[in-house]
Amino acid sequence: MGLMIRELFAPDINADFFTALSALAEVGLDMEEAKRVFQDRLRQGVHTYIAILDGQIVGTASLLVERKFIHKGGRVGHIEDVAVNPAHQRKGVGKALVGHLEERAREKGCYKTILDCFDNLEPFYASCGYVKYGAQMRKNLA
Ligand SMILES: CC(C)(COP(=O)(O)OP(=O)(O)OC[C@H]1O[C@@H](n2cnc3c(N)ncnc32)[C@H](O)[C@@H]1OP(=O)(O)O)[C@@H](O)C(=O)NCCC(=O)NCCS
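These figures come from a predicted structure and were not determined experimentally.

**Description of the sheet that holds strand β3 (residues 56-67)**
Then step 1. In spatial order, the strands read β1-β2-β3-β4-β5; together these five strands make up an open sheet with mixed pairing. Single-partner strands in this sheet number two, and they are β1 (3-7) and β5 (110-114). The average angle at which neighbouring strand axes cross in this sheet is 25 degrees, direction not considered.
Then step 2. Bridge count between strand β4 (residues 75-84) and β5: four bridges; the pairing is parallel. Considered in β5, the bridge of G77 is made with T113.
Then step 3. Sitting on the sheet, helix α1 (residues 15-22) is in contact with β2 (46-53), β3 and β4, with an inclination near 65 degrees to β3.
Then step 4. Here helix α2 (residues 31-43) sits on the sheet and contacts β1, β2 and β3; the angle it forms with β2, its principal contact strand, is near 125 degrees.

Below you can see the structure in the form of structure tokens.
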């Protein structure tokens, strides 16, 4: 499969990128708003990656590296917003994205990567080597 994964740049933000993200949730931004959000995310250290198949963006995932006081100032990679265009799911794109982000996290000095997911996606993340650890808690603020 001719799959390429690389970091997203502003000119990549197009309808195919939105279609991939929509597998996760409604985007609710126009292209120009999304480009401003992209710059803000970069300033916050959130790096967005895209999977490209035959010239088309078919998937995306994001990585945020957090520096901690504990673990001797160690770094943790947070994997967020993994999403694959429904027409291209079950082809290995999601697994390749997660693996790519782990490599980037390793390069940035992370000692682990963590993520949240719904129970139904445990088999997917288990196939990527993840194990269940604790519980996710949430409180809506808006
Ligand atoms: C979850 C998602 C990213 C998986 O991407 P994908 O490209 O379809 O997954 P892959 O083809 O790389 O699958 C890798 C493995 O996980 C398994 N898998 C994938 N999706 C699965 C699912 N929904 N349920 C159970 N197993 C699944 C595959 O069978 C495959 O197993 P294998 O390695 O033994 O062959 C994709 O289905 C998606 O975008 N879903 C909607 C958005 C979402 O919920 N994202 C996750 C947010 S935490």
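**Comments concerning the pattern of salt bridges**
Two side chains of opposite charge can pair, provided their charged atoms sit close to one another.
Then step 1. The full count for this structure, using the stated rule, is six salt bridges.
Then step 2. As a salt-bridge pair, R106 and E103 come within 2.6 Å of each other at their nearest N and O atoms. With R106 and E103 both in helix α4 (residues 93-107) and three residues apart, this pair spans about one turn of that helix.
Then step 3. Judged by its relative accessible area of 55%, R106 is exposed.
Then step 4. A salt bridge links E122 to K132, with the nearest nitrogen and oxygen atoms 3.1 Å apart. Here E122, found in helix α5 (residues 122-127), pairs with K132, found in the segment after α5; they are 10 residues apart in sequence, far enough to count as distant.

Scoring rules and cut-offs
- Per-chain numbering applies: the sequence of each chain, read as written, is numbered from 1 onward.
- Only residues with pLDDT of at least 70 are given local features in this predicted model, and only at 80 or more are side-chain atom pairs given and counted; all residues enter the totals for whole chains, interfaces and linings.
- For side-chain calculations, the full set of non-hydrogen atoms in the structure is used, while hydrogens and water are omitted.
- Pairing between two strands is assigned when DSSP locates at least 2 bridges connecting them.
- Each helix is a run of H or I in the DSSP string that is no shorter than four residues. Each strand is a run of E no shorter than two, and both are numbered from the N terminus.
- As a rule, the C-alpha atoms of each element are fitted with a line to give its axis, helices using only the stretch in contact, and angles between N-to-C directions run from 0 to 180 degrees.
- Any pair of residues with heavy atoms lying within 4.5 Å of one another is described as a contacting pair.
- Whenever Lys or Arg places a side-chain nitrogen within 4 Å of a carboxyl oxygen from Asp or Glu, that contact is recorded as a salt bridge.
- Think of it in three bands: residues with accessible area under 20% of the maximum for their type are buried, residues over 50% are exposed, and the middle band is partly exposed, with areas taken using a 1.4 Å probe on protein chains only.

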